[in-house]
Amino acid sequence: MQVTETLAEGLKHEFQISVPASDLDAKADARLVDLKDKVRLNGFRPGKVPVSHLKKVYGRSVMAETVEQTIRDTNTKIFTERGFRLATEPKVTMPTEEKAVEDILTGKSDLNYTVSIEVVPSIQLADFKGFSVEKPVVDVTEADVDEAIKRIADANRGYAAKGEGAQAENGDRVTVNFKGSIDGTPFDGGTGENIQVVIGSNTFIPGFEEQLLGMTAGETRTLKVSFPKNYTNLELAGKPAEFETTASLIEAPQDTEINDEFAKTLGLESMDKLKQAARERLAAEYAGATRQRVKRMLLDRLDEAHRFEAPPSLVDEEFNLMWNSIRAEMESGGKTFADEDTTEEAAKEEYRKIADRRVRLGLVLSEIGEKNKISVTEDEVSRAVIERARSMPGREKEVWDYYQKNPNALAQLRAPIYEDKVVDFILELANVTEKKVTREDLYKDDDAEKTVA
């Protein structure tokens, strides 16, 4: 066998391989001998079929299998000897001319093929004991607890009918009947009876709630709206519609008295228990936000400490995934790059940088996990599936079955668990200091930072 490296540019390599026909013949014959005791042919006793006859019957198919296995074994040997870690599947190029293929399968010609690969670069990991990470800490104040309980009370407040002739105002709840049409033709799902709409809740099609302002009980109006371009029903998306709407009841929101009785309506024994529950929920929210901010700071530090060329094909793949998502989101929202105060070229450049960062960080995290024997157990994955199932009440079995039947979906659950375990490993080595901050500081610029995390 001859192996000649014909390309070595950065992370890209190409090899020309030649395997003698005699080697292929020997492997194919060994395979035929192995088949002798396994196949049954009319006119021959089990195990007594001559190899020469087997070659006439199965020769081409066995040689095809031999060629395929030889290519796999040869490639593996080449990559292993050179210490290559592949970034993508190798690309094998073989002769395509009918005669050339026939000569290989009949043992008349050597196997000559080219294999092109892209490798993962060698990564020199930083000393994580030299990392300094500042952990923001927010205390849950009484004002935070009171504000949270006020939000709960507002979400659970009652409504009382307004007097005769009273007009609907922002925050009022209006009970309506409506019939929708597009170009004068009713459409499926466009009719509703005794539907309660809270003006200002933004739960209906944009423009619908605002046109209820000023209505009185018994009044009928024709509301003109347009379905959003990203509406779930594609047949209605982006289309203008009219809703003949009649208000049957106008109700005003009532102030909720926050006391022990209110706490009991929420299934809690007293106000003290409600405050305790609100405090625990806020503490969990702050802890989650703190975790995300620390993780982003650590990823930034890893990015700075590990500068190397990322495999171009992996960057291209990551970029294409992001770019297709961005374009689809912009098209559904009817936005242009000018609306975002940028150009398509500038946006592409920015997202390619993000793709490069994501690929490099993914490789670094993988290297850390591999070298320190960090893994995700089946129990951890099962717990993640159970949590996902619990988040969808009534569909638990459906969710569980989905993940059991879809290995790719399970892999998507496993990836963030693995990443978090690697992050925890680094944080145990790093110098982590705490800093008291306000709630506003904790959440400041959160959306902007999520973009590159």
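See above for the structure.
Computed from a prediction, not measured in an experiment: that's the story for all the values here.

## Points about the packing of aromatic side chains
Point 1. If you walk through the whole model with that rule in mind, you get 15 aromatic pairs.
Point 2. Taking 5.5 Å as the distance between ring centres and 80° as the angle between the ring planes, the aromatic pair formed by phenylalanine 128 and phenylalanine 131 counts as edge-to-face.
Point 3. A ring pair is formed by phenylalanine 187 and phenylalanine 227, whose centres lie 5.7 Å apart and whose planes are at 80°; its orientation type is edge-to-face. With phenylalanine 187 in strand 8 (residues 185-198) and phenylalanine 227 in the loop between strand 9 (220-226) and strand 10 (240-253), the pair connects residues that are 40 residues apart, well separated along the chain. For the pair shown, phenylalanine 187 and phenylalanine 227 are each scored as buried.
Point 4. Following the ring pairs from residue to residue traces out a cluster consisting of Phe178, Phe187, Phe204, Phe208, Phe227, Tyr231 and Phe243.
Point 5. Against the face of phenylalanine 319 rests arginine 352, its NZ or CZ located 4.3 Å from the ring centre.

## Here we look at the packing of helix 7 (residues 312-333) against helix 8 (residues 344-371)
When two helices pack together, their arrangement is given by the angle between their axes and by how far apart the axes lie.
Point 1. Running from amino to carboxyl end, helix 7 crosses helix 8 at an angle of 130°, the nearest separation of the two axes being 8 Å. Classed by the angle they form, the pair helix 7 and helix 8 counts as oblique. As helix 7 runs across helix 8, the sense of the crossing is right-handed. From helix 7, Leu314, Val315, Asp316, Glu318, Phe319, Met322, Trp323, Ile326 and Arg327 reach across to helix 8, where they touch Glu344, Ala347, Lys348, Tyr351, Arg352, Ile354, Ala355, Asp356, Arg358 and Val359.
Point 2. Looking at side-chain class alone, the contact of helix 7 with helix 8 contains 11 nonpolar, no polar and 8 charged residues.

## Comments concerning the sheet that holds strand 4 (residues 111-118)
To summarise the sheet geometry, strands pair through backbone hydrogen bonds and adopt either a parallel or an antiparallel arrangement.
Point 1. Overall, antiparallel pairing links the 4 strands, which are arranged 1-2-4-3 in an open sheet. Two strands in the sheet have a free side with no partner beyond their single neighbour: strand 1 (2-9) and strand 3 (91-93). Across the sheet, the mean angle separating the axes of adjacent strands is 20° when strand polarity is ignored.
Point 2. Relative to strand 4, strand 2 (residues 12-19) runs antiparallel, the two being bridged by 8 bridges. Across the sheet, residue lysine 12 finds its bridge partner in strand 4, namely glutamate 118.

## Some points on the pattern of salt bridges
Point 1. For the coordinates displayed, the defined rule picks out 40 salt bridges.
Point 2. The salt bridge partner of arginine 60 is glutamate 102, with a shortest N-O separation of 2.6 Å. With arginine 60 in helix 2 (residues 51-81) and glutamate 102 in helix 3 (residues 98-105), this residue pair connects regions lying 42 residues apart in the sequence.
Point 3. Of the residues examined, glutamate 102 reaches a relative accessible area of 33% and is grouped as partly exposed.
Point 4. Of the charged contacts, one joins arginine 439 and aspartate 144 as a salt bridge, the two residues approaching to 3.7 Å between their closest N and O atoms. Here the residue arginine 439 occupies a position in helix 12 (residues 439-443), and aspartate 144 occupies one in helix 4 (residues 142-155), the gap between them amounting to 295 residues.
Point 5. Salt bridges sharing common partners tie together Asp300, Asp303, Arg307, Asp356, Arg357 and Arg360.

Reading guide: rules and limits
Here the residue numbers are simple positions, counted from 1 along each chain's written sequence. Where local features are concerned, this predicted model is filtered to residues with pLDDT of at least 70; where side-chain atom pairs are given and counted, the filter is 80 or more; whole-chain, interface and lining totals use all residues. Side-chain metrics rest on all non-hydrogen atoms present in the structure, leaving aside hydrogens and water. Note on aromatic pairs: the rings of Phe, Tyr and Trp (six-membered ring only in Trp) are paired at centre separations within 6.5 Å, and the planes decide the class, stacked below 30 degrees, edge-to-face beyond 60, tilted for the rest. Each helix is a run of H or I in the DSSP string that is no shorter than four residues. Each strand is a run of E no shorter than two, and both are numbered from the N terminus. Summary of the burial criterion: residues with accessible area below 20% of their type's maximum are buried, those above 50% are exposed, and those between are partly exposed, where the area comes from a 1.4 Å probe applied to protein chains only. Ring-over charges, as used throughout, are those where CZ of Arg or NZ of Lys falls within 6 Å of the ring centre and within 35 degrees of the ring normal. Under this scheme, a helix contributes an axis fitted over its contacting stretch, all axes are lines through C-alpha atoms, and angles between N-to-C directions fall in the 0 to 180 degree range. By the definition adopted for this analysis, an angle is roughly parallel if under 35 degrees, roughly antiparallel if over 145, roughly perpendicular if from 65 to 115, and oblique otherwise. It is the rotation of the near helix from the far one that decides the hand of a crossing: anticlockwise by less than a right angle makes it left-handed, clockwise makes it right-handed. Any two residues whose heavy atoms approach within 4.5 Å are treated as being in contact. Each residue is assigned to one class: nonpolar for Ala, Val, Leu, Ile, Met, Phe, Trp, Tyr, Cys and Pro, charged for Asp, Glu, Lys and Arg, and polar for all the others, Gly among them. For two strands to count as paired, DSSP must find a minimum of two bridges between them. The salt bridge criterion pairs a side-chain nitrogen of Lys or Arg with a carboxyl oxygen of Asp or Glu, the two atoms within 4 Å.

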